[in-house]
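A closer look at the structure
Residue strings, one per chain:
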Amino acid sequence: MVMKGKKGVILGIANKKSIAYGIAKACREQGAEVAITFLNERFEKKLEPVATELGCGEKFYPCDVSRPEEIKALKESLEKDFGEIDFIVHSIAFAPKEGLSGRFMDITKDAFNVAMDISVYSLIEIVRELHPIMSNKSSVLTLSYYGGVKYIPNYNLMGIAKSALEMTTKYLAEDLGKDGIRVNAISAGPIKTLAAAGIGDFGFMLKWNSAHSPLKENVTIEQVGNSGMYLLSDLSSGVTGEVHYVDAGFNIMGMPAVNFDETGHGKIAWNGE
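The structure presented is a predicted model; accordingly, all values stated were derived computationally and were not measured. (Residues numbered from 1 in each chain as written. Predicted model: local features only at pLDDT ≥ 70, side-chain atom pairs only at ≥ 80, totals over all residues. Heavy atoms only, no water.)

This next bit is on the packing of helix H4 (residues 109-130) against helix H5 (residues 156-177). Put simply, H4 and H5 touch, their axes get as near as 10 Å, and they point 20 degrees apart. Taken together, the axis directions place H4 and H5 in an arrangement best described as roughly parallel. The way H4 lies across H5 gives a crossing that is right-handed. Residues Ala111, Phe112, Ala115, Met116, Ser119, Val120, Leu123, Ile124 and Val127 of H4 touch H5, and the partners they reach there are Leu157, Met158, Ile160, Ala161, Ala164, Leu165, Thr168, Thr169, Leu172 and Leu176. (Axes fitted to C-alpha atoms, helices over the stretch in contact; angles between N-to-C directions. Helix = DSSP H or I, 4+ residues; strand = E, 2+ residues; numbered from the N terminus. Parallel < 35°, antiparallel > 145°, perpendicular 65-115°, else oblique. Left-handed = near helix turned anticlockwise from the far one by under 90°. Contact = heavy atoms within 4.5 Å.)

Take the packing of helix H3 (residues 68-82) against H4 next. Where H3 meets H4, the closest approach of the two axes is 9 Å, and the angle between their N-to-C directions is 40 degrees. The orientation of H3 with respect to H4, classified from their angle, is oblique. Our pair here, H3 against H4, has a crossing hand that is right-handed. Across the interface between the two elements, Pro68, Ile71, Lys72, Lys75 and Leu78 of H3 pack against Glu125, Ile126, Glu129 and Leu130 of H4. The residue makeup of the contact of H3 with H4, split by class, is five nonpolar, no polar and four charged. (Nonpolar A, V, L, I, M, F, W, Y, C, P; charged D, E, K, R; others polar.)

One pass over the full model with this rule turns up nine salt bridges. Taking the shortest distance from any N to any O, the salt bridge between Lys6 and Asp234 comes out at 2.9 Å. Residue Lys6 is found in the segment before strand S1 (7-11), and its partner Asp234 is found in the loop between helix H7 (221-232) and strand S7 (243-246); the two are separated by 228 residues along the sequence. Taking relative accessible area as the criterion, Asp234 reaches 38% and is therefore assigned partly exposed. Residues Lys16 and Glu53 are paired through a salt bridge, measuring 3.0 Å at the closest nitrogen-oxygen approach. Taken as a pair, Lys16 in the loop between S1 and helix H1 (19-29) and Glu53 in helix H2 (residues 41-53) lie far apart in primary sequence, 37 residues in all. You can call Glu53 partly exposed: its relative accessible area is 39%. (Salt bridge = Lys/Arg side-chain N within 4 Å of Asp/Glu carboxyl O. Buried < 20%, exposed > 50% of the residue type's maximum accessible area, 1.4 Å probe, protein only.)

On to a nonpolar patch on the surface, then. A surface patch of nonpolar side chains, about 260 Å² in accessible area, is lined by Val2, Tyr230 and Leu235. Note on placement: Leu235 falls in the loop between H7 and S7. The exposed category is assigned to Leu235, whose relative accessible area is 56%. (Patch = residues over 30% accessible without salt bridge, like charges linked within 9 Å, V, L, I, M, F, W, Y side chains within 5 Å. Areas by Shrake-Rupley, 256 points an atom, 1.4 Å probe, with all protein chains shown as cover.)

Looking now at unusual backbone geometry. Look at Asn154: it is not a glycine, yet its phi comes out positive at around 70 degrees. Classification of Asn154 as partly exposed rests on a relative accessible area of 24%. The phi angle at Ala248 is positive, at roughly 60 degrees, despite the residue not being glycine. By secondary structure assignment, the location of Ala248 is in the loop between S7 and strand S8 (258-260).

Encoded structure:
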């Protein structure tokens, strides 16, 4: 049990289909003690069974990252219940609906600021607030997506936020390395989550990814969860500042694979509709 004795907090579970849930489950299976947070009263009711399943007990705290006082309260609760923590999972992202459709140049400053605040700055604020109770072998993990590196249709403002999040990961990794704290990101392939529901033509995205990735499949929250557990554990003690892809290899493809017929003409290997 590679996480035995480790204690940490996971922010951003929406339901049992969340990537953060997959990470929490993998950590629990490897012996970690886990605390989770909920956004508001509505999510508290939905997540109570999940908290029970994960053995969180009373380690189930409110945390709306747009409210600095709730992040401070989270630190106090964790210090009271755990004393010291060994890992943080930041699985929080949000962009107003207007930022995920239409022409990119029409995105408003307000939408831009909200997306950057919730999706990016929250990682900095959480780490800064929880830093005093983090052990000198702590690991921080956040979640990104390929749309922060390359253009993805309908991802729009979230692509900009994920790009900023990945660079934030690298700068935090350098800053916190002197304290023995590692900071990494996972860039997961498309998965049917609550957050993904807001992305237009997401079903097509799933088909495209499975058709054109080397493994010819979409990844699961269990696969991403196991990779997350590795990055939070001492097995990855020499890894920091990395963006680790768990996407069935889709990110390595420069163009779709081509099947050649007997005349030498190529046809894209595509079974989608």
